[in-house]
Amino acid sequence: MSDKNSIINVSTEYSLDRSVISIADIIEKTKSMDASTVIVTERNTLRSAAEILTECRKSGIRAVVGLRIDLRFQGCQGYIALIPKNFEAFIAIGKLM
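These numbers were taken from a predicted model, which means no experiment stands behind them.

Visitor: Sorry if this is basic, but what is going on with the layout of surface pockets here?
Guide: Any space left empty among the atoms is revealed by the rolling of a water-sized probe across them. In this structure, the largest pocket encloses a volume near 220 Å³. Forming the boundary of the largest pocket are Ile 39, Leu 53, Arg 62, Ala 63, Val 64, Val 65, Ile 83, Pro 84, Lys 85, Asn 86, Phe 87 and Phe 90. With 4 residues, strand E3 (residues 62-73) is the largest single contributor of residues to the lining of the largest pocket. Classifying every residue of the lining of the largest pocket gives 9 nonpolar, 1 polar and 2 charged.

Visitor: Help me understand the environment of Leu 53, please; the structure alone is not making it clear to me.
Guide: Tracing the backbone shows Leu 53 in helix H2 (residues 49-58). Note on Leu 53: relative accessible area 33%, which makes it partly exposed. Taking C-alpha positions, Leu 53 is 7.8 Å from Val 65, a pair spaced 12 residues apart along the chain. Look past the residues within four positions of Leu 53 in its chain and what remains in contact with it is Ala 63 and Val 65.

Visitor: Would you mind showing me how to read unusual backbone geometry here?
Guide: The phi torsion of most residues other than glycine is negative, and most of the peptide bonds are trans. Positive phi is not limited to glycine here, since Asp 34 has a value of about 55°. Residue classification places Asp 34 among the partly exposed positions, given a relative accessible area of 36%. Unlike most non-glycine residues, Gln 74 shows phi in positive territory, near 50°. Structurally, Gln 74 can be placed in the loop between E3 and strand E4 (76-82). Relative accessible area serves as the criterion here: at 69%, Gln 74 is assigned to the exposed category.

Visitor: Honestly, the side chain of Arg 68 in this entry has me stumped. Any pointers?
Guide: Position of Arg 68 relative to the elements: it lies in strand E3. Among buried charged residues, Arg 68 stands out as having no salt bridge; its nearest opposite-charge side chain is Asp 70, 6.0 Å away. Ignoring any residue separated from it by four or fewer positions in sequence, one finds Arg 68 in contact with Asn 9, Ser 11, Thr 41, Glu 42, Arg 43, Asn 44, Tyr 79, Ile 80 and Ala 81.

Rules behind the numbers
- Residues numbered from 1 in each chain as written.
- Predicted model: local features only at pLDDT ≥ 70, side-chain atom pairs only at ≥ 80, totals over all residues.
- Heavy atoms only, no water.
- 1 Å grid on protein atoms, 1.4 Å probe; cavity = no way out; pocket = protein on both sides within 12 Å on 5 of 7 lines; lining within 4 Å.
- Points joined across faces, edges and corners; volume = space filled by probe spheres on them.
- Helix = DSSP H or I, 4+ residues; strand = E, 2+ residues; numbered from the N terminus.
- Nonpolar A, V, L, I, M, F, W, Y, C, P; charged D, E, K, R; others polar.
- Buried < 20%, exposed > 50% of the residue type's maximum accessible area, 1.4 Å probe, protein only.
- Contact = heavy atoms within 4.5 Å.
- Lys, Arg positive; Asp, Glu negative; His and termini not counted.
- Salt bridge = Lys/Arg side-chain N within 4 Å of Asp/Glu carboxyl O.

Following this line, the structure appears as structure tokens:
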């Protein structure tokens, strides 16, 4: 696998109304694209983190788990994706929930 290819901003079925993609399907697609890393940003939850990290490790894929937070302000809406650079940052993101 190439160190240059990554798949970013992916959501799984844990992002209930946004995705129906299973973690197994994400791993399969990541391998088929010859990517070495997948960055999963679930919508308003980190519940999938343990499963993603475990299954990706078994498959030889580097996984980064982030959080996508919905934002609404003065009639505008969007989201911000928080991607941790290390374990301490992941813990800090988790405290937001």
